[in-house]
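Chain residues, written in single-letter form:
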Amino acid sequence: MDMKLKGRLLYMGWQNLPWKLMTKEGEVNLWPFVDDFFKSIDGKRVKHDQTHDFYMLSSDESSDFSMKYVPGTYIFTEKINGFGFSNIHAYSDHILTYLSGRMIEIDIENGKQIKFSADASEDVFGVYFTSGNSCKVSEGAENTICKIGQNDCCVFLSVGRGGFHCEKFNSHFARMLLDRLAKGNILASRIGNCTVLGRKEECEIITCDSE
């Protein structure tokens, strides 16, 4: 079924169903629509594109890669002639984690394309990679943005010797935190809607930009 939706994505991991989208009309489980789309392009030539706030998988007759989807087992693209593949699960899970908590737009055309993109009109707080894949939280933002110690504290907030950090874009750590949230094993309750703006050295971080 073709569809276009807009709402806040509350993605908590590939296996943690439902894939929640909070729309004006109520909660929508995205997974059945996504699963149907994957089935609709199984065996077709495809391509995929991504940025930190966008992911698209689409059929493309000029592509050298074909879709391979076995529900519950694997999803990847395989080079038609020669060796090569791309793990669709890994790429899409990565970007959906980035987009979780944000207002997004979803466009699905079965047999053609699926596209997840951040709503550019949403005002979100921006952070920078500063220590590996962790992002330094500017002084004071742990209270006003991350809301440490409050009922709606963000699940991605961490604290260590270097102060407060956002782990939303630290893929392995972020997936672990979202999985704990899905299973009710973490006190924090909110998936923050922050975005990543690039990389800076920690000494450069005085305040974090918003956009």
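Throughout what follows, the structure given in this document is the object of discussion. Treat the numbers as computed from the prediction; the structure is a model and nothing was measured. (Residues numbered from 1 in each chain as written. Predicted model: local features only at pLDDT ≥ 70, side-chain atom pairs only at ≥ 80, totals over all residues. Heavy atoms only, no water.)

**Observations concerning the pairing of strand S10 (residues 113-118)**
The buried fraction of S10 is high, at five of six residues. For strand S9 (residues 103-109) and S10, the ladder comprises six bridges, and the chain directions are antiparallel. Bridge pairing links Ile 108 to Ile 114 in S10. Where S9 hands over to S10, the hairpin turn is made up of three residues, of which Gly 111 adopts a positive phi near 85 degrees. (Buried < 20%, exposed > 50% of the residue type's maximum accessible area, 1.4 Å probe, protein only. Helix = DSSP H or I, 4+ residues; strand = E, 2+ residues; numbered from the N terminus. Pairing = 2+ DSSP bridges.)

**Focus on the nonpolar core**
Of all hydrophobic cores here, the largest spans 29 residues; its most connected members are Leu 30, Phe 38, Leu 57 and Phe 116. Counting only elements with at least two residues in this core, the list comes to strand S1 (3-10), helix H1 (31-41), strand S5 (54-59), strand S6 (65-70), helix H2 (88-99), S9 and S10. Among the elements that take part in this core, H1 stands out by supplying five residues, more than any other. Excluding residues that lie within four positions of it along the chain, Phe 38 makes contacts with Trp 14, Trp 31, Leu 57, Met 67, Tyr 69 and Ile 75. (Core = buried A, V, L, I, M, F, W, Y, C linked by side-chain atoms within 4.5 Å. Contact = heavy atoms within 4.5 Å.)

**Focus: H2**
Between its terminal C-alpha atoms H2 stretches 16 Å, which fits the 16 Å expected from twelve residues at 1.5 Å a residue. In this structure Asn 87 caps H2, since a side-chain oxygen of it lies 3.1 Å from the backbone nitrogen of His 89. In the segment just after H2, Gly 101 is the residue with positive phi, at about 90 degrees. (Expected span 1.5 Å × (residues − 1). Polar contact = N/O pair within 3.5 Å; in protein donor to acceptor, adjacent residues only side chain to side chain.)

**Considering the pattern of salt bridges**
Applying the stated rule across the entire model yields eight salt bridges. Across the pair Lys 47 and Asp 60 runs a salt bridge whose closest N-O atoms are separated by 3.8 Å. With Lys 47 in strand S4 (residues 46-51) and Asp 60 in the loop between S5 and S6, this pair connects stretches of sequence that are 13 residues apart. Assessed through its relative accessible area of 18%, Asp 60 is described here as buried. (Salt bridge = Lys/Arg side-chain N within 4 Å of Asp/Glu carboxyl O.)

**Things to note about the packing of aromatic side chains**
Overall, the coordinates contain 13 aromatic pairs when judged by the stated rule. For the ring pair Trp 14 and Trp 31, a centre distance of 5.9 Å and an interplane angle of 65 degrees mean the geometry is edge-to-face. Of the two residues, Trp 14 sits in the loop between S1 and strand S2 (20-23) while Trp 31 sits in helix H1, which places them 17 residues apart along the sequence. In terms of burial, Trp 14 and Trp 31 fall into one category: buried. A centroid spacing of 6.5 Å and a plane angle of 65 degrees characterise the contact between Trp 31 and Phe 38, whose relative ring orientation is edge-to-face. The two residues Trp 31 and Phe 38 agree in class, both being buried. Site record: aromatic cluster; members linked through ring pairs are Tyr 11, Trp 14, Trp 19, Trp 31, Phe 37, Phe 38 and Tyr 69. Positioned above the aromatic ring of Tyr 128 is the side chain of Lys 200, whose terminal nitrogen or guanidinium carbon lies 4.4 Å from the ring centre. (Phe/Tyr/Trp six-rings, centres within 6.5 Å; stacked < 30°, edge-to-face > 60°. Lys NZ or Arg CZ within 6 Å of the ring centre and 35° of its normal.)

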